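Residues per chain are reported as follows:
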Amino acid sequence: MSDPATQALQPRLLQAQSSGSAGSGTGNSDPVRPGLSQQQRASQKKAQVRAFPRAKKLEKLGVFSACKASDTCKCNGWKNPNPPSATRMDLQQQAASLSEPCRSCGHALADHVSHLENVSEDEINRLLGMVVDVENLFMSVHKEEDTDTKQVYFYLFKLLRKCILQMSQPVVEGSLGSPPFEKPNIEQGVLNFVQYKFSHLAPKERQTMFELSKMFLICLNYWKLETPTQYRQRTQKDDATAYKLDYTRWLCYCHVPQSNDSLPRYETTQVFGRNLLKSIFTVTRRQLLEKFRVEKDKLLPEKRTLILTHFPK
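Residues numbered from 1 in each chain as written. Predicted model: local features only at pLDDT ≥ 70, side-chain atom pairs only at ≥ 80, totals over all residues. Heavy atoms only, no water.

**Here we look at the overall build of the protein**
Reasoning step 1: Counting its secondary structure elements, the protein contains 13 helices and 0 strands.
Reasoning step 2: Along the protein, helices and strands appear, N-terminal first, in the series α-α-α-α-α-α-α-α-α-α-α-α-α.
Reasoning step 3: Burial statistics for the protein: of 313 residues in total, 47% are counted as buried.
Reasoning step 4: As displayed, the protein has an accessible area near 16,300 Å², and 50% of this comes from carbon and sulfur atoms. (Helix = DSSP H or I, 4+ residues; strand = E, 2+ residues; numbered from the N terminus. Buried < 20%, exposed > 50% of the residue type's maximum accessible area, 1.4 Å probe, protein only. Areas by Shrake-Rupley, 256 points an atom, 1.4 Å probe, with all protein chains shown as cover.)

Structure below.
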């Protein structure tokens, strides 16, 4: 990843590493929605970037835009001749002039962003949203240790880079298929199970189990699944091909889009069914209960009793 755009992201990586913000810590996140604070940080960052003056927006997009000065120029991103340091990022840095030459090809910034001259502000802001997501995925690629996950992050990073370059909508391609992947889905299956298993209970107890199932479904939509390597180690199965496919689908369509909303997002419980639930229920149930016990002070008393007392095996 040595092109102008990825080189321009290096100071941001250094800044994130020094401040610890490249990690995916949840801070004061809702224990029922563990990925929420990361989602909120991404939204705040996009709001900041979209509030930039037009000149600053063009500079940011120029980094990801091919040079159009001539047919022979192969430069695929404007490179700032005076790059910002890790301690002086977007908000402090003054916008570059459109006449500023690219450090890579020598052509002006204007030659990289000429295709944006008559583009609407809404479209500029959509492209900027993808830029923020590319920056987030760049961090994720560098800090992720699991090989399978890193490969997916890199694929999505390249996909969004290409979409910024071509001003297109991101579409995940390949052998993953399109959601939904199973029918009936997890939500339908769980609610059917509750109806079948607990319909004989008194209305109050039946409502308790219904509320618990809804909370479980919300958790599942925000929960981080174990990697294929972890799955193989836990289950002692040599062949984790089916789980790896579901895990890759989950990353591309459910997990990554939570904090990178340029990508179309689907709820885990809406697009997966029995096969994934069978693969993850035992470990997810244990992890959920452990998390709720550790963070029980963050839960409302009625939710605490509901989860820690009534969760079915």
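Picking up after the structure, the text goes on.
**Digging into the packing of helix α8 (residues 203-222) against helix α12 (residues 274-294)**
Reasoning step 1: At a minimum axis separation of 11 Å, α8 and α12 run at an interaxial angle of 100 degrees. Here α8 is positioned roughly perpendicular relative to α12, judged by the angle of their axes. On α12, the residues that touch Phe 216, Cys 219 and Leu 220 of α8 are Leu 277, Ile 280, Phe 281, Thr 284, Leu 288 and Phe 292. (Axes fitted to C-alpha atoms, helices over the stretch in contact; angles between N-to-C directions. Parallel < 35°, antiparallel > 145°, perpendicular 65-115°, else oblique. Contact = heavy atoms within 4.5 Å.)

**Observations regarding unusual backbone geometry**
Reasoning step 1: In this model, Pro 179 is joined to Pro 180 through a cis peptide bond whose omega is 0 degrees.
Reasoning step 2: Note that Pro 180 resides in the loop between α6 (147-166) and α7 (186-198).
Reasoning step 3: In this chain, Lys 183 is followed by Pro 184 through a cis amide linkage whose omega measures -5 degrees.
Reasoning step 4: Relative to the assigned elements, Pro 184 resides in the loop between α6 and α7.

**Examining the pattern of salt bridges**
Reasoning step 1: Scanning the entire structure with this criterion turns up 12 salt bridges.
Reasoning step 2: Here Lys 46 makes a salt bridge to Asp 261, at a shortest N to O gap of 2.4 Å. Taken as a pair, Lys 46 in helix α2 (residues 36-50) and Asp 261 in the loop between α10 (241-259) and α11 (268-271) lie far apart in primary sequence, 215 residues in all.
Reasoning step 3: In this structure, Arg 286 and Glu 290 form a salt bridge, with 3.8 Å as the shortest nitrogen-oxygen distance. Of this pair, Arg 286 and Glu 290 both sit in helix α12, 4 residues apart, which is roughly one turn of the helix.
Reasoning step 4: Accessibility expressed as a relative area gives 42% for Arg 286, which makes it partly exposed. (Salt bridge = Lys/Arg side-chain N within 4 Å of Asp/Glu carboxyl O.)

**Looking at the state of the cysteines**
Reasoning step 1: Across all of its chains, the model carries 0 disulfides by this definition.
Reasoning step 2: Summary of cysteine pairing: Cys 105 is not part of a disulfide, and the nearest cysteine sulfur, belonging to Cys 102, is at 3.9 Å.
Reasoning step 3: Cys 105 sits in the partly exposed class, given a relative accessible area of 23%.
Reasoning step 4: Between Cys 254, a free cysteine, and Cys 252, which holds the nearest cysteine sulfur, the sulfur-to-sulfur gap is 9.6 Å.
Reasoning step 5: Under the relative-accessibility criterion, Cys 254 is labelled buried at 1%. (Disulfide = S-S within 2.5 Å.)

**Describing the nonpolar core**
Reasoning step 1: Membership of the largest hydrophobic core comes to 73 residues, with the highest contact counts inside it found for Leu 61, Leu 116, Leu 156, Ile 186, Phe 272 and Ile 307.
Reasoning step 2: No other element matches the 10 residues that helix α5 (residues 121-143) contributes to this core.
Reasoning step 3: Setting aside its immediate chain neighbours within four residues, Phe 272 contacts Phe 181, Glu 182, Asn 185, Ile 186, Asp 246, Arg 249, Trp 250 and Cys 254. (Core = buried A, V, L, I, M, F, W, Y, C linked by side-chain atoms within 4.5 Å.)

**Section: α10**
Reasoning step 1: Taking 1.5 Å of rise per residue, the 19 residues of α10 would be expected to cover 27 Å, and the 27 Å separating its terminal C-alpha atoms lies within 8% of that figure.
Reasoning step 2: Across the 19 residues of α10, 15 count as buried, placing the element largely inside the fold. (Expected span 1.5 Å × (residues − 1).)

**Side note on the environment of Arg 234**
Reasoning step 1: Mapping Arg 234 onto the fold places it in helix α9 (residues 228-235).
Reasoning step 2: Using a relative accessible area of 33% as the deciding quantity, one classes Arg 234 as partly exposed.
Reasoning step 3: For Arg 234 and Val 283, which are 49 residues apart along the polypeptide, the C-alpha to C-alpha distance reads 8.9 Å.
Reasoning step 4: Among all residues touching Arg 234, those that are not within four sequence positions of it are Glu 226, Ser 279 and Val 283.

**Some points on the side chain of Asn 221**
Reasoning step 1: Relative to the helices and strands, Asn 221 resides in helix α8.
Reasoning step 2: Those residues in contact with Asn 221 that lie beyond four places of it in its chain are Gln 258, Arg 265, Glu 267, Thr 268 and Thr 269.

**Side note on the environment of Gly 189**
Reasoning step 1: Note on placement: Gly 189 falls in helix α7.
Reasoning step 2: Separated by 88 residues in the primary sequence, Gly 189 and Leu 277 place their C-alpha atoms 9.5 Å from one another.

**Quick look at the confidence of the model for the protein**
Reasoning step 1: In this model, the protein carries an average pLDDT of 87, and 85% of its residues clear a pLDDT of 70 or more.
Reasoning step 2: Between residues 17-28, whose pLDDT stays under 50, and residues either more than four places distant or in other chains, the model counts 14 contacts. (pLDDT = per-residue confidence, 0-100.)

**Observations concerning the packing of aromatic side chains**
One pair of aromatic rings is described through two measures. These are the centre distance and the angle between the planes.
Reasoning step 1: In total, this model carries 10 aromatic pairs according to the counting rule given.
Reasoning step 2: Measuring from ring centre to ring centre gives 6.1 Å for Phe 138 and Phe 157, while their planes differ by 40 degrees; the resulting arrangement is tilted. With Phe 138 in helix α5 and Phe 157 in helix α6, this residue pair connects regions lying 19 residues apart in the sequence. Each member of the pair, Phe 138 as well as Phe 157, is classed as buried.
Reasoning step 3: Members of the aromatic cluster, connected to one another through ring pairs, are Phe 181, Tyr 253, Tyr 266 and Phe 272.
Reasoning step 4: Looking at Arg 265, its charged tip hangs above the ring of Tyr 222, at a distance of 5.4 Å from the centre. (Phe/Tyr/Trp six-rings, centres within 6.5 Å; stacked < 30°, edge-to-face > 60°. Lys NZ or Arg CZ within 6 Å of the ring centre and 35° of its normal.)

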